[in-house]
Amino acid sequence: MTGPLLKVENLTKHYPLGAGFLKKTIPTIRAVEDVSFTVEAGETLCIVGESGCGKSTVARLLMRLVDPTGGRVLIDGTDIAGLRKQELRAHRRRMQMVFQDPYSSLNPRLTAGQIITEPVENFERLTRKQRNALAADLLQKVGMAPEMMHRLPSELSGGQRQRLGIARALSLNPSLIIADEAVSALDVSVQAQILNLLLDLQQQMGLAFVFISHDLGVVEHIAHRVAVMYLGRIVELAPSEALFAKPVHPYTEALLAAAPVPDPTRVRLEAPVEGEVPSPINPPTGCAFHPRCPLAVERCRIEVPPLVPMADGRVVACHVRAPATESPGPRLRQPNRRHTVPEANA
Amino acid sequence: MTLLSAPVKAAPIGRLRLSEIPRLARRHPLVLAGGGLLALLIILALAAPLYAGDPVNMDPFKRLQPPSAEMWFGSDNLGRDVFARTIFGARISLVVGLLSAASAAVVGLLIGVVAGYSRGFDNIVMRIMDGLMSIPTILLAIALISLTGPGIGILIVAIAIPETPAVARLVRSVVLGVRERPYVEAALCGGARLPKVLWRHILPSTIPALMVQGATVCASAILTEAGLSFLGVGVPPEIPSWGNMIASSRLYLAIAPLTIFAPGICLAVTVLAVNLLGDGLRDMFDPRAKRRR
């Protein structure tokens, strides 16, 4: 097989706000704007960003739980954005999703065994014996006792429920698992267990992950590559070590600086970036980050910066830090010492 | 929200074990009272031939008799046994009530589930439902019966039609809420076909609301049947029903009050039983609603 496992090209999703029957222009929420990335087999790509930046919409677009406004999602070269519902069913076997909330993502009326074997039963008939064997096998894979298959979700803990969610995703032997904030609803200690389970499964089964998170600590722990999203666009996509060692995009810089570090002696920066995230209904012109960016120049207000490849294998969308052509010109505001990030700690 | 509501667990439908019934009954006395009363009525009605006399036999020499060992509730203006007529009348009320409720529930459920899931269907069908809702039950029954002649079947249809939209709306609203739940999306991700998603993941959530609504429909159907029979457009007059009895005896209230009170009280008790059951079920399925009261 040649080419990447998953290739996303110019993925875009606009949500119209209300039906425009008489009004000529309907306001739209630009949830995802021109997002492109690839995921290789066995690789973990993390998508980070603050609430409302379109991370979860990307996950839902990948699973085609929502239809994209534009762009392509190629899994093994097949564009699932263009498939009919029937063909889509077959391709859903290749990628599965683990949901954020382990409480609402399991049907409260079905037993653990029924929940995790249902995907397989959508494709083939199982005898009672086969079903029990499959359930026991899947439970063992996620570190649970086979006896648990007769329990209802309400009789399980949050961590066990999330293990069930993972077992359900594994049941179809997918090559890619999309995890949308899969650990953020769990306690820190349980988070670690679940993350380690995911990493073990990745090693054993060669799974690829698209892992969506806002928790940079988690991301640093598991990611091979990280995509940073801001207001529906990817602003920086870099190998994990490179990104955490030296963020290039000013937004990435601010995001990393804002993350809590368990070191009381470290001086926290006051508000690395000022202001609020603008509304995706009416995003700023040019670079969406320019109203808050300490480095912004005139050009940032006019032109959307393209993703420019850098020497260390990352791509960055910034006119100042990663100029595509000539020098960016004078800054819009005075550089402020508060905005500079100290040496990233090793 | 899910975390907060976790301790208040609604009884899971479909996994009710027989051994749990006494415990459930203690915790939900309304269900026990309503269900028990209704069960008693059903048994009495089914076993009627075993202990009650002939409800249609007329005896002109025993008109408007007071209660006696032979006829416990006395006799009516045609000399018929009021006790037997009351007991046999329960059959009519229960059959009409239960069957109207069941047919309104089944049709309403189907329409509601599909309307809740499909937007295009929703727009058209729910407007039709709005139209049906505006038809007065009694007028529709009179119109239908004047077309086909009196009969229990047509009566059930006439009562069920105007009750269906309420059920459909209720089911639709539940479906609209449930279809966005992550476990429904998870089922779709797992490759489940739409009918399976509807049947296995969406439909069970509508059952509690459907049962509560069904009880309400049943109670009102019993009353509507009695009303129609009283007006002379319901059950054919030769069949004993509570509405017929009250209608034919209303002139003799002062002479033989039991001819009216017996069916009247039975009617009230039956409707009460069904309503108690409905309220009890609602409290059982939604414990928060009970606390708020």
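These figures come from a predicted structure and were not determined experimentally.

**Side note on the overall build of chain B**
When its secondary structure is counted, chain B shows 13 helices and zero strands. Starting at the N terminus and walking to the C terminus, you meet the elements of chain B as α-α-α-α-α-α-α-α-α-α-α-α-α. Projected onto its principal axes, the C-alpha positions of chain B cover 75 × 45 × 30 Å.

**Observations regarding the sheet that holds strand 1 (residues 6-16) of chain A**
Residue and element names in this part refer to chain A. The antiparallel open sheet is built from four strands, whose spatial order is 2-1-4-5. On the outer flanks of this sheet lie strand 2 (28-39) and strand 5 (78-79), each paired with one strand and no other. Of the strands in this sheet, strand 1, strand 2 and strand 4 (70-75) touch helix 1 (residues 55-62), which is tilted by about 65° from strand 2.

**Things to note about the sheet that holds strand 12 (residues 315-316) of chain A**
Residues and elements named next belong to chain A. Read across the sheet, eight strands follow the order 6-7-8-3-9-10-12-11 without closing on themselves; strand pairing throughout is mixed. Of all strands in the sheet, those bounded by a partner on one side alone are strand 6 (95-98) and strand 11 (308-309). Bridging between strand 6 and strand 7 (residues 176-180) involves four bridges; their strand directions are parallel. In the strand pairing of strand 7, Gln 96 is matched with Ile 177.

**Some details on the packing of helix 5 (residues 82-117) of chain B against helix 12 (residues 258-285) of chain B**
Residue and element names in this part refer to chain B. The N-to-C vectors of helix 5 and helix 12 enclose an angle of 30°; their axes lie 10 Å apart at closest approach. As for the relative orientation of helix 5 and helix 12, their crossing is right-handed in sense. Residues Val 82, Thr 86, Gly 89, Ala 90, Ser 93 and Gly 97 of helix 5 pack against Leu 258, Thr 259, Ala 262, Pro 263, Cys 266, Leu 267, Thr 270 and Val 274 of helix 12.

**As for the pairing of strand 7 of chain A**
Residues and elements named next belong to chain A. When you tally the buried positions in strand 7, you get five out of five residues, the bulk of the element. Both faces of strand 7 are covered, namely the face carrying Leu 176, Ile 178 and Asp 180 and the face carrying Ile 177 and Ala 179. As defined by bridge partners, strand 7 adjoins strand 8 (residues 208-213) across five bridges and the pair is classed as parallel. Within the sheet, the bridge partner assigned to Asp 180 lies in strand 8 and is Ile 212. Chirality of the crossover, the property in question, places the unit of strand 7, helix 6 (residues 188-205) and strand 8 among those that are right-handed.

**Remarks on the nonpolar core**
If you look at the biggest cluster of nonpolar residues, it comprises 170 residues, and the most contacted ones within it are Ile 178, Val 210 and Val 228 of chain A. Sort the elements by how many residues they give to this core and helix 5 of chain B lands first, with 16 residues. Val 228 of chain A has contacts with Val 48, Gly 49, Ile 234, Val 235, Glu 236, His 249, Tyr 251, Thr 252 and Leu 255 of chain A, leaving out every residue within four places of it along the chain.

**Regarding the interface of chain B and chain A**
Listed by partner, the interface residues are 17 residues for chain B and 23 residues for chain A. Broken down by secondary-structure element, the contributors of at least two residues to the side of chain B that touches chain A are helix 9 (182-189) and helix 10 (194-231) of chain B. With seven residues, helix 9 of chain B is the single largest residue contributor to the side of chain B that touches chain A.

Calculation criteria
- Residues numbered from 1 in each chain as written.
- Chains lettered and ligands numbered in written order.
- Predicted model: local features only at pLDDT ≥ 70, side-chain atom pairs only at ≥ 80, totals over all residues.
- Helix = DSSP H or I, 4+ residues; strand = E, 2+ residues; numbered from the N terminus.
- Pairing = 2+ DSSP bridges.
- Contact = placed C-beta atoms within 7 Å.
- Axes fitted to C-alpha atoms, helices over the stretch in contact; angles between N-to-C directions.
- Left-handed = near helix turned anticlockwise from the far one by under 90°.
- Buried ≥ 20, exposed ≤ 12 C-beta atoms within 10 Å, placed from the backbone.
- Right-handed = clockwise from strand over helix to strand, strands pointing away.
- Core = buried A, V, L, I, M, F, W, Y, C linked by C-beta atoms within 7 Å.

In short, the description is geometric, and any link to function would need to be established separately.
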